[in-house]
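For reference, the chains in residue letters:
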Amino acid sequence: MQWLFETLRKYPELAIFLTLGLGYWIGAKKFKGFNLGAVTGTLLVGVLIGQLNIQIAPVIKQVFFLLFLFGLGYGVGPQFFRGMKSDGLPQVLFAVVLCILCLLATWGTALAFGFDAGTGAGLLAGAQTISAVMGVATDTINGLSRVDGATRAQWINNIPVAYAVCYIFGTIGSAWLLASVGPKLMRVDLVKVCQEYEAQMSGGQDSLELSGYRKFIARVYRLDRADLIGKTVAELEACFGDDRVFVERIRRGGDIVDAGPATVLQAGDVLGVAGRHDVLVLRGAGNIGQEVEDPDLINLPAEMIEVVLTNKHLSGRTLREISKLPEATLGRGVFLRKVVRGGHEMPVNWGLKLDRGDHLFVVGAKRDVERMVDKLGYADRQTEQTDMVFVGFGVVIGGLLGSLVFTVAGIPVTLSTSGGALISGLVFGYLRSVHPTFGRVPGPVHWFLTSVGLTMFVAVVGISAGPGFVEGFRQLGFKLFLAGIVATSVPMLLGVPLARYVFKFHPAIALGVCAGARTTTAAIGQITENAKSQVPALGYTIPYAIGNTLLIIWGIVIVMLMA
């Protein structure tokens, strides 16, 4: 063991990777449905390994923290700027108000308990579960030239102590308050109101997620209905109403021909039809004729592709409105499997409004899919390559702007390179959503930036703060835990009635708006599980983008307020 300890001191890079490995492993372990998560697990392991008094260059954590912030901004940028439109402004305003409540509740609690600036920043990071605050607060404290070096060092060491103590209730408490207490504050049955909201969105039709937009098949029928002879394919398809059914190909005599809306049906035709499984099973024979076996007729190359919506003409419209546009015939044979917005899957039905930057997963015959893609936006085909020119210049430009210092009433104010990288990520992420031909960051790489970037930063923080962590925890542990309960609960208990009765959000999405503004992924997961619906996620993405930005910036503000 002595040899291992000496080796870790000699090669601190090994200590970092040991911290990451153990941190992710411990963070994934669940106890009664709760797990610490990678960030908290890594911090605690880092503190333990830090007892060996391992010295690590501070620049290492800053490099990874800048990557994390840029990646975070890149991911939420489309929703951040989309929220500035008129239909998203109420959610933006609510997110701003709730974030201000989070700041005031934390600041007031810190003052009431007599905490210093570093402990207050850690309280904000843990109680509001916004780990990145530790980084921007550290940068801000380091920039306080009027505070002596020993005090700055003590404040910085107090940040991870307060974060670790307050994070547990910050995560569990916010999820419990929103998912269990929230519906009681609004006096609603969450499952029932979500069902009603989804029925309202779909206009009384079945959810497309459970119908032809999700599960479809191809079957073959002999045209037996005499009244359809001489009619067009479009007239046959109209027999199925809103249930999207398409005649893809026709066997006529010994030949197979492609079918279009204007194709005229003839006696003896055998039709290859694509549509929803239950519709074709229950209504196919009645509307067309006897089902027969003809594998060659429906042996069409199929493709599922991910498309980034960039078409301004389609943005802001519901799926029903889009289906009635003249160009909607281009969607023949194409089915929408799912819609992902800001990393969260949306409930797919006729009432869902699409936004620029949405990721649409469409499936169908290859020829149909290729015809449709250009009308939607840009095919985001799978690739392992990352546009590092885009990432590199994005971090540099943001860092340079963030490094600028302005003096207000004699007080130096700056975003720091950290805040600059976050803002740059927001802008660059939005540009990517509008012009997706450049700046690609594949999903696995984006995960690396946002997950490993943050945990690498936290690992170094934990190792560096290790020697003073135990003493700080011993002195302030219980006091910090109580402070964390107050700072977590007050904004949530005020936020729910504020969302429902002041901002007039529908109760089905009010809790999602609260979870998004507080950037608590654990809460939105618990809410959708309790609701047995994805509807609350409709209110999550825009507030999440705003909350992620403001709460991180609050790391600068709370230090300035308390220092």
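Here, residues in each chain are numbered from 1, in the same order as that chain's written sequence. For this predicted model, a pLDDT threshold of at least 70 governs which residues receive local features, and a threshold of 80 or more governs which side-chain atom pairs are given and counted, while totals over whole chains, interfaces and linings are taken from all residues. The side-chain values count all of the structure's non-hydrogen atoms but skip hydrogen atoms and water molecules.

For the protein chain, the name recorded in an unreviewed UniProt entry is Aspartate-alanine antiporter, with Bordetella genomosp. 11 as its organism.

## Here's the deal with helix α16 (residues 443-502)
Here a helix means four or more residues in a row that DSSP labels H or I, a strand means two or more in a row labelled E, and each is numbered from the N terminus. Helix span is expected to be 1.5 Å times the residue number reduced by one. With 60 residues, α16 should reach 88 Å at 1.5 Å per residue; the first-to-last C-alpha distance of 38 Å falls well below that figure. The axis of α16 is deflected most strongly, by about 70 degrees, at Gly-466, and proline Pro-467 appears within four residues downstream. Looking one or two residues beyond α16, the residue adopting positive phi is Lys-504, at roughly 60 degrees. What the bend at a residue measures is the angle between two axes, fitted to the seven residues ending there and to the seven starting there.

## Comments concerning the UniProt feature "transmembrane region" (unreviewed entry) in the protein chain
UniProt's entry tags residues 34-54, 63-81, 93-115, 161-179, 388-409, 445-470, 476-496 and 540-562 with the feature "transmembrane region" (unreviewed entry), counted in the numbering of this structure. Helix and strand shares over residues 161-179 are 100% and 0% respectively, and the end C-alpha atoms of the span are 28 Å apart. A helix fraction of 100% and a strand fraction of 0% characterise residues 476-496, whose end C-alpha atoms lie 31 Å from each other. UniProt positions are given in the numbering used here, feature names are shortened, and annotations may be inferred rather than shown by experiment.

## Overview of the domain arrangement of the protein chain
How big an interface is tends to be stated in terms of the accessible area lost upon association of its parts. Each domain's extent was defined by an automatic or database domain assignment. Domain annotation for the protein chain reports domain 1 (1-27 + 35-55), domain 2 (225-289) and domain 3 (301-379). The contact rule is simple, with two residues in contact once any of their heavy atoms fall within 4.5 Å. Contact with domain 2, which involves 14 residues of that partner, is made by 10 residues of domain 3. By convention, the term buried area covers the 1.4 Å-probe accessible surface removed from two parts as they join, with the contributions of both added. Of the roughly 880 Å² buried between domain 2 and domain 3 on both sides combined, carbon and sulfur atoms contribute 42%. Basic side-chain nitrogens of Lys or Arg form a salt bridge, by our definition, when they fall within 4 Å of a carboxyl oxygen of Asp or Glu. The tally of links from domain 2 across to domain 3 stands at 2 salt bridges.

## Side note on unusual backbone geometry
Only a minority of non-glycine residues have a phi that is not negative, and only a minority of peptide bonds are not trans. Phi at Lys-504 is positive, roughly 60 degrees, even though this residue is not glycine. Summarising the element assignment, Lys-504 is placed in the loop between α16 and α17 (507-517). Accessible area is worked out with a 1.4 Å probe on protein chains only. A residue is then buried under 20% of its type maximum, exposed over 50%, and partly exposed in between. By relative accessible area, Lys-504 is classed as exposed at 63%. Although it is not a glycine, Lys-532 sits at a positive phi angle of roughly 55 degrees. Position of Lys-532 relative to the elements: it lies in the loop between α18 (521-531) and α19 (541-562).

## A few points about empty space enclosed by the protein
Put simply, the grid is 1 Å and covers the protein atoms alone, a cavity is a trapped set of points that fit a 1.4 Å probe, a pocket is an open set with protein on both sides within 12 Å along at least five of seven lines, and lining residues have an atom within 4 Å of a point. Grid points are joined across faces, edges and corners, and a volume is the space filled by probe spheres set on the points. Tallied over the entire structure, the rule returns 1 cavity of 30 Å³ or more. By volume, the largest cavity is sized at about 40 Å³. Considering the residues around the largest cavity, the lining is formed by Pro-78, Gln-79, Arg-82, Arg-341, Asp-355, Arg-356, Asp-358, Thr-541 and Ile-542. Secondary structure elements with two or more residues in the lining of the largest cavity: α4 (58-82) and α19. With 3 residues, α4 is the largest single contributor of residues to the lining of the largest cavity. Taken together, the residues of the lining of the largest cavity sort by class into 2 nonpolar, 2 polar and 5 charged. Only Asp, Glu, Lys and Arg are considered charged, only Ala, Val, Leu, Ile, Met, Phe, Trp, Tyr, Cys and Pro nonpolar, and every remaining residue, Gly among them, polar.

## Side note on the pattern of salt bridges
Taken as a whole, this structure holds 14 salt bridges when the rule is applied. Glu-6 is the salt-bridge partner of Arg-9, the closest N and O atoms lying 3.0 Å from each other. Highlighted residues: Arg-9 and Glu-6, both in helix α1 (residues 2-10), separated by 3 residues, approximately one helical turn. The closest approach of N and O atoms between Asp-368 and Arg-367, which form a salt bridge, is 3.8 Å.

## Section: the state of the cysteines
The criterion for a disulfide is a pair of cysteine sulfur atoms lying within 2.5 Å. Taken as a whole and assessed by the stated rule, the structure comprises 0 disulfides. Looking at Cys-99, it has no disulfide partner, and the nearest cysteine sulfur is the one in Cys-102, 5.9 Å off. This cysteine, Cys-514, is not joined by any disulfide, and Cys-102 carries the nearest cysteine sulfur, 9.9 Å off. Residue classification places Cys-514 among the buried positions, given a relative accessible area of 1%.

## Section: the sheet that holds strand β8 (residues 334-341)
Taking strand neighbours across the sheet as the criterion, the 5 strands line up as β9-β8-β10-β7-β11 in an open arrangement whose pairing is antiparallel. The outermost strands of the open sheet, each flanked by one partner alone, are β9 (344-345) and β11 (377-379). Across 2 bridges, β8 lies against β9 in antiparallel orientation. Across the sheet, residue Arg-341 finds its bridge partner in β9, namely His-344. Should DSSP find at least two bridges between two strands, the strands are regarded as paired.

## Quick notes on the sheet that holds strand β4 (residues 246-252)
The strand order across the open sheet built from 4 strands is β3-β6-β4-β5, with neighbouring strands paired in antiparallel fashion. Single-partner strands in this sheet number two, and they are β3 (216-222) and β5 (255-258). Strand-to-strand, the axes of this sheet are offset by a mean angle of 25 degrees, without reference to chain direction. One ladder, built from 4 bridges, connects β4 with β5; its direction is antiparallel. Bridge pairing in β5 links Arg-252 to Asp-255. Each axis is a line fitted through C-alpha atoms, taken for helices only over the stretch in contact, and angles between the N-to-C directions span 0 to 180 degrees.

## Observations regarding the confidence of the model for the protein chain
What pLDDT expresses is the predictor's confidence in each residue, scored from 0 to 100. Residues of the protein chain with pLDDT of at least 70 account for 95%, and the chain-wide mean is 86. Within the protein chain, no element has a lower average pLDDT than strand β13 (residues 411-413), which sits at 62, and none a higher one than helix α5 (residues 89-112), at 95.

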